[in-house]
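# A structural walkthrough
The chain contents come next:
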Amino acid sequence: MAPSLIFAPLVGDNADIMDHPLLQIDQLLLSPPARRPVRGTGTSLPQPLSLDFAIGQFHLLAGEDLAPQAELLRVIAGYDPPAQGRLVMRGQPLSGIPLGARGIATLTSDPRLFPQLTVGRNILFPLSGDRRIGDTATAVAGAALRVGLSAAALDRYPDELDQVTQLRAALARALALGPSLLLLSDPLRDLPAGDAASLLQDLRRLQRELSLTVICATDRLPAWAAVADRVVLIETAGGAIRGVIQSGSAEDIYLKPDNRTAARLSGAVNLLPVEITAWDSEAVSCRSPLIDPQDFTLPQRQVASALWSALATDGRDAGGREAGVTTEASLLLRPNLLRPGLGIRRQDFRLEGRIQDRFSDGASVMLQVRVPGLATPVVATLPAPAPFPLEQGMAVNLGWNRGEMRLLPNDTASRSSAHSTALADPKKAG
Amino acid sequence: MDRARLRQPATPPQPSSAAPVILWQPRLAVLGIAVLTLLFVLPLLLTLLLSSQDTAGTDPFAGPFGLASWRDFVTDPDIHLLLLRSLGLAALVGVVANLLALGPAYLVAVIGGGWRQVVLLPCLLVLLGDQVTIAMGWSEIGRQLARALLDATPGLGRDLLADLMTLCAETHRALPIAILCQSWAMRRHDPALIEAGLECGADHFRLLRWVIGPLLGPGLVLGFCCAFALSFGAALEPALLNTGALSWGESLRQAIDIDDNWPAAARFTVLGCLLLALMLGAATAFLARLSNRPRSRRPRQPHPPHAYHLGPQDPLAILSILAFAFLALPLVWMLLLSARYLYIIAVTAGPHLFLEAIGDDPRLLPSVIPSLVSALIAALLASSGGVGLAALWRRWLKREPITWRHWLLMLLSAMPFILPSLFLSTTHLTAQLFLATYLPNGLGILAVALGDAVRALPLAALVMLVFWQRLPDDLDETAAEFLLPAERLRRQIIGPSLRSAWAIALAVSALLSLSDFQLANALSGDRPMLAPTLLAGIATQRSPIYLALIGPLLVLTGWVCHLILGRLDRRIPIRAPQGSAGGFSMNISARKT
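### Topic: the overall build of chain B
Counting secondary structure elements, chain B contains 26 helices and zero strands. Here chain B, with 593 residues, has 46% of them falling under the buried criterion. Intrachain contacts of chain B at a sequence separation of at least 6 include 84% that bridge at least 24 residues.

What follows is the structure, given as structure tokens:
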């Protein structure tokens, strides 16, 4: 069964808020379990999901595949019924409450504006049934202003507007409902980078101004990580949710991922094979012939908890190294923490190699360094301009400090694609 | 936020572009045109010839021919009055049927889930079930109402009640077609917009008004045309319900059955067909204007497999319940009546005597075999011609935008189904008379099959088209890349895609043939057929055996309709025949990718 995830309680005055989360997902299954496991996924059957979402926070559900998470949002919104489990909002079960009465609004990459109505009428649509609103024109104008829509756009039809304005109009309509919960199914995925950044900032601003609870599903964690209060990494396989990988702040997940999948989802990675030679109750000793120095020790805080638990339960922790016993693991090095040098040793550790390729987008430079003995090149990114000329074929050292690496367990499912993700899909890698 | 702007298209019309139709099969289209011409156009032309015969009451096609009889016909004040009354009643039926159809059509097209089957099953049952039984249902309800109301309030006119019941019966007969037309129009909605509307707190009635409303145009036009045509030429319902005033259909029936005035009957038929053709012409202009509007190019979400919630407080729920109750009322009434007679027979005589009485009936069993044979021939002919007509319609529907000429051609080729079967029976009778006069022999029992076949032809074509349209949109382009010969396309794509459609088209055509009263009554001669036999047994003799039998027959028809609906909704993956692929993979989804 997947671990039940309760977000860490906040301190001080907010602690009582966390005692009553806005939304609780309890033992939820999106679709009935298949009789046989999905062939080729290499994973178990979908596990019931349990999650709590605190009030007034920006929650990010991130995974490798958007579809199952989008399906989870559809179930929360009430579009589709769950196969099993229940949803509780403010202590009240949501089952039986129809779609429009849940106080939940959804924004997807498809704005879903009514094409035969002007933008103004679209925003008015949820308001027109509410008799408490006296001056609807003022309400519409206010809703439009809040999301950055111009007054001229109100009299135009959705088809006459560009994608980002349509999304702003859809956001204004969604907020006009006065929702307790806003569900985002990666609405920015089809937008140009500039528009996406602008709308992302506005979403964050509105979320803070309105103290809105937002749950956003995405398969592009780096693109959304900056605005998220909490990130929940979801394991997906075969089009279904298999469980929760890790949760925490975006920074925690980036710097302290618990496994290779979490590391890969949260950003670009370099994973070097290392051999665990000894361990005790405080640290793990490792060896890698690729790294200078070859033998090094990592404290517990730099070892993934799953690996640490596995070592702790092995029964050999007290006695240190046993003859002939080795354990394989992966050393995580984030590309932005690797610093190239030309031979002068300034950092605690270094790799030696030759520049295989060099890319630059103007703001940063990405190096692919071929390290002897390593099948895939090591990636390093540094701000442009580079401190010295970096040409193809040049011998280079990649250095890093002791606190900038993390030891991860080798999970077979993600081993093959660990390096290729960072190189083949730079968009996902951010 | 100007309301007037809502009617304006948001963007200018897109330029015309004809999509390639590689799956176009000219041979099949020729087959469809040939069947349609032989069974519909030729009898119609012969009827036109007979209508210009000046001498009435003598031998048909004996001449002389001229326009004098037509001049007298169109200047007759009684005909004007009759025409006005019939047109008014037909228009009223058209409007009422389409208003009633809104709720059930929304249930079918938008709410979905199990509601779809709940609404479509009685729709198909009324459309394909025995006309006599259903009309008798209204007659029985009228009789009970008359007993209850007229005895209590003698001032209420019996004629008024009969007219009201006739209106109900004709509306009831038109309602399934109106529901199907409107649900077809509503099915073009984007489910994402419905979900957005529901999320905004709108009820389904509001969604019908604001989101689905703009899509309703073609459905309303087609639904009105069908309801109008069915009511304009109706003869069975007025005859069974004993209405006081004559309608167009009744006058036509009187001209044939009572006066034996064949030229007058031909004139009634030709003028009726002409009026309906004019109405279809006007409808095409509207349809062409609607199809010129720009359409959204974004990929639509699939329709959810479950039903949306419909609260009892929603005005649409009340509208739907009213329409559904209206649709089911005569069916339930006749089922209860039949169950009552079955119970009485079971208590008093027992099943053995009941079966013995059925066997001894001089008309019942002898009518079954000819009816089944005729239905089988009609079904085979309609399905074969239907493939050709579907090929033709598909080619026209692939055009963008669809011009008014193509709409007109489509509606005219669908006219045999829309046309009242009384008009069809007249045209086929005329053809028989012509053959009997100038050729060695008449068509005999085959005439019923041919008449039924041409009536079922557009429906069979529609079934074929539904399955054909399930092929991926870009299959034409994909097939074009491979430059496959037409014969191979027919064997590997069209054949497998229509495999399920054949069974449905055959079943639908056979049911339509078995349930039709007018054609069987007019064209079968002395040979007993099922529908006229049932009419004689139920309405004239009020035989307990017949009244007991109609219930099981309705249940049997309902079961076949249920099977048809199940097959219509099932998406069977298309596979080419084993061993015939010859290097061309029929994995369409993979090819599309």
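Now that the structure has been shown, we can carry on.
### A look at the sheet that holds strand E12 (residues 283-287) of chain A
The strands that make up a sheet are held in pairs by hydrogen bonds between backbone atoms, and each pair lies either parallel or antiparallel. All names here are of chain A. Within the open sheet, the five strands sit side by side as E14-E12-E11-E15-E21. Their pairing is antiparallel. The sheet is open, and its two edges are formed by strand E14 (295-299) and strand E21 (405-408), each paired on a single side. Between one strand axis and the next, the sheet turns by 45° as a mean value, whatever way the strands run. Here strand E11 (residues 270-279) runs beside E12; their pairing, made up of four bridges, is antiparallel. Bridge assignment links Ile-276 to a residue of E12, and that residue is Cys-286.

### Some words on the interface of chain A and chain B
Between chain A and chain B, the contact holds 28 residues from the first and 22 residues from the second. Contributions of two or more residues to the side of chain A that touches chain B are made by strand E6 (104-108) and helix H3 (119-127) of chain A. With four residues, the top contributor of residues to the side of chain A that touches chain B is H3(A). Grouping the amino acids of the side of chain A that touches chain B by side-chain chemistry returns 14 nonpolar, six polar and eight charged.

### A look at the sheet that holds strand E8 (residues 213-218) of chain A
Residues and elements named next belong to chain A. Taken in spatial order, the six strands make up an open sheet running E6-E7-E8-E3-E9-E10, and their pairing is mixed. Taken across any chain shown, the strands that pair with only one partner, and hence form the sheet edges, are E6 and strand E10 (240-248). Strand-to-strand, the axes of this sheet are offset by a mean angle of 20°, without reference to chain direction. Where strand E3 (residues 58-63) and strand E9 (residues 230-237) come together, five bridges link them in parallel fashion. Counterpart to Ala-62 in the pairing with E9 is Leu-233. Helix H6 (residues 163-176) contacts E6 and strand E7 (181-185) of the sheet and is inclined by roughly 175° relative to E6.

### Details of unusual backbone geometry
All names here are of chain A. Cis geometry marks the peptide bond from Asp-292 to Pro-293; its omega dihedral reads 0°. By the element assignment, Pro-293 lies in the loop between strand E13 (291-292) and E14. Cis geometry is found at the peptide bond from Ala-384 to Pro-385, where omega equals -5°. Locating Pro-385 in the fold gives a position in the loop between strand E19 (378-383) and strand E20 (395-400). A positive phi angle is found at Arg-90, which is not glycine, with a value near 50°.

### Brief notes about the pairing of E9(A)
Residues and elements named next belong to chain A. Extensive coverage of E9 is indicated by the burial of eight of its eight residues. Both faces of E9 are covered, namely the face carrying Arg-230, Val-232, Ile-234 and Thr-236 and the face carrying Val-231, Leu-233, Glu-235 and Ala-237. Here E9 pairs with E10 via seven bridges, running antiparallel. Within E10, the residue paired with Ile-234 across the bridge is Val-244.

### A few points about helix H8 (residues 204-212) of chain B
Of all the positions in H8(B), only His204(B), Arg206(B), Leu207(B), Leu208(B), Val211(B) and Ile212(B) are classed as buried. Looking at the packing, one finds that the buried side of H8(B) touches helix H3 (77-111), helix H6 (158-186), helix H7 (191-199) and helix H13 (315-348) of chain B.

### Brief notes about the environment of Ala202(B)
Assignment of secondary structure puts Ala202(B) in the loop between H7 and H8. For Ala202(B) and Asp314(B), which are 112 residues apart along the polypeptide, the C-alpha to C-alpha distance reads 9.9 Å.

### Re the nonpolar core
Residue and element names in this part refer to chain B. Ranked by internal contacts, the top residues of the largest apolar core, which has 287 residues, are Tyr-106, Cys-225, Cys-226, Met-464 and Val-508. When residues in this core are grouped by element, the largest group, 17 residues, is from helix H19 (residues 446-468). Leave out the neighbours within four places in its chain, and Cys-226 touches Ala-174, Ile-177, Ala-178, Cys-181 and Ile-418.

### What to know about the domain arrangement of chain A
Residue and element names in this part refer to chain A. According to the domain assignment, chain A contains domain 1 (12-260) and domain 2 (261-429). Taken together, the contact between domain 1 and domain 2 spans 18 residues of the former and 22 residues of the latter. Counting residues per element, the ones that place at least two in the side of domain 1 that touches domain 2 are helix H8 (221-224), E9, E10 and helix H9 (250-255). Looking at the side of domain 1 that touches domain 2 residue by residue, the classes come out as eight nonpolar, four polar and six charged.

### Some points on the packing of helix H1 (residues 26-51) of chain B against H19(B)
Geometry of a packed helix pair, given as the angle between the helix axes and the separation of the axes. Residues and elements named next belong to chain B. Axis separation between H1 and H19 bottoms out at 10 Å; the angle between their running directions is 125°. If you check the angle between H1 and H19, you find them oblique. Our pair here, H1 against H19, has a crossing hand that is left-handed. Contacts between H1 and H19 involve Val-35, Leu-36, Leu-39 and Phe-40 from the first element and Leu-450, Ala-453, Val-454 and Leu-457 from the second.

### Digging into the confidence of the model for chain A
In this model, chain A carries an average pLDDT of 80, and 81% of its residues clear a pLDDT of 70 or more. Below a pLDDT of 50 lies the segment residues 317-325 of chain A, which in the model reaches 11 contacts outside its immediate sequence neighbourhood of four places, other chains included.

### What to know about the packing of helix H4 (residues 114-128) of chain B against helix H25 (residues 544-569) of chain B
Residue and element names in this part refer to chain B. Interhelical geometry of H4 versus H25 gives an angle of 125° and a closest axis separation of 9 Å. It follows from the interaxial angle that H4 and H25 lie oblique. Like other packed secondary-structure pairs, H4 and H25 cross with a definite hand, here right-handed. Across the interface between the two elements, Gln-117, Leu-120, Leu-121, Leu-124, Leu-125 and Leu-128 of H4 pack against Thr-557, Gly-558, Cys-561, His-562, Ile-564 and Leu-565 of H25. Grouping the amino acids of the contact of H4 with H25 by side-chain chemistry returns eight nonpolar, four polar and no charged.

Conventions adopted
- Residues numbered from 1 in each chain as written.
- Chains lettered and ligands numbered in written order.
- Predicted model: local features only at pLDDT ≥ 70, side-chain atom pairs only at ≥ 80, totals over all residues.
- Helix = DSSP H or I, 4+ residues; strand = E, 2+ residues; numbered from the N terminus.
- Buried ≥ 20, exposed ≤ 12 C-beta atoms within 10 Å, placed from the backbone.
- Contact = placed C-beta atoms within 7 Å.
- Pairing = 2+ DSSP bridges.
- Axes fitted to C-alpha atoms, helices over the stretch in contact; angles between N-to-C directions.
- Nonpolar A, V, L, I, M, F, W, Y, C, P; charged D, E, K, R; others polar.
- Core = buried A, V, L, I, M, F, W, Y, C linked by C-beta atoms within 7 Å.
- Domains from an automatic or database assignment.
- Parallel < 35°, antiparallel > 145°, perpendicular 65-115°, else oblique.
- Left-handed = near helix turned anticlockwise from the far one by under 90°.
- pLDDT = per-residue confidence, 0-100.

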